[in-house]
Amino acid sequence: KDYGLVNGKTKISQYVFYKLINKHKFSGEELYSVKQALENPVAIFKDGKKVIILTDVVDHQKYPVTVILAVNTEDNCVASIYGRHNILNYVCKYTKGDYVLFMDLDRIEYIRGDKTNKEVDERLDEIKRNVLKLKGCKLKMTIERDGRKIELTEKEIWDAYNLVNKNITSDIEQEAEKILNQELEDRNERVK
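Residues numbered from 1 in each chain as written. Predicted model: local features only at pLDDT ≥ 70, side-chain atom pairs only at ≥ 80, totals over all residues. Heavy atoms only, no water.

### Comments concerning the pairing of strand E8 (residues 148–152)
- Pairing of strand E7 (residues 138–145) with E8 involves 5 bridges; the strand directions are antiparallel. Considered in E8, the bridge of Met 141 is made with Leu 152.
- Between E7 and E8, which pair antiparallel in sequence order, lie 2 residues; one of them, Asp 146, sits at a positive phi of approximately 55°. (Pairing = 2+ DSSP bridges. Helix = DSSP H or I, 4+ residues; strand = E, 2+ residues; numbered from the N terminus.)

Right, dumping it as structure tokens:
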């Protein structure tokens, strides 16, 4: 409801249902898993009159499943459910605009799948940086300390981001000032 959905049931047409079974190869059990995953999404994006929900369910090809809901005045309709093979690019695209409504910063890591390389790590870092720069979406994050998991409030996440960002900016400014001063000294030495 907070994301523009009508407060009520979500419908799925017979056409979309058959497409999910026949084209996207979902079993009834898998669709039930997707339905359960909607209650605890990994990320939510809004694109026009569509709400795109990234779940932690994977399809038969091990691709992360997204659910596309079409929003209209009477009801919410499932437009599609499918696994995305290029999920990192897809999520990154939606984090570059004002599309992110919610992201679980811990669970977004699952979209890496079994890929562990520098490019994937950089893309995930870019996604997280983009989301933190937006400052308009809801976030969820936990930290572990002394064997205990603590869920951070949104204020704590933003405060930590601002603190780290302030320190990084300050460090960069100090380093730039040192370089500039060294260049000025070198120039003055050459002039003499």
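### Comments concerning the pattern of salt bridges
- Counted by the stated rule, this structure contains 6 salt bridges.
- The salt bridge involving Arg 107 is made with Asp 56; its shortest N-O contact spans 2.9 Å. One end of the pair, Arg 107, is in the loop between strand E6 (100–104) and helix H4 (118–134); the other, Asp 56, is in strand E3 (residues 50–58), and 51 residues separate them in sequence.
- Here Asp 56 falls in the partly exposed class, since its relative accessible area comes to 39%.
- With a shortest N-O distance of 2.4 Å, Lys 128 and Glu 109 are connected by a salt bridge. Taken as a pair, Lys 128 in helix H4 and Glu 109 in the loop between E6 and H4 lie far apart in primary sequence, 19 residues in all.
- Given the relative accessible area of 27%, Glu 109 is considered partly exposed.
- Among the charged side chains, a network of salt bridges with common partners joins Asp 56, Asp 104 and Arg 107. (Salt bridge = Lys/Arg side-chain N within 4 Å of Asp/Glu carboxyl O. Buried < 20%, exposed > 50% of the residue type's maximum accessible area, 1.4 Å probe, protein only.)

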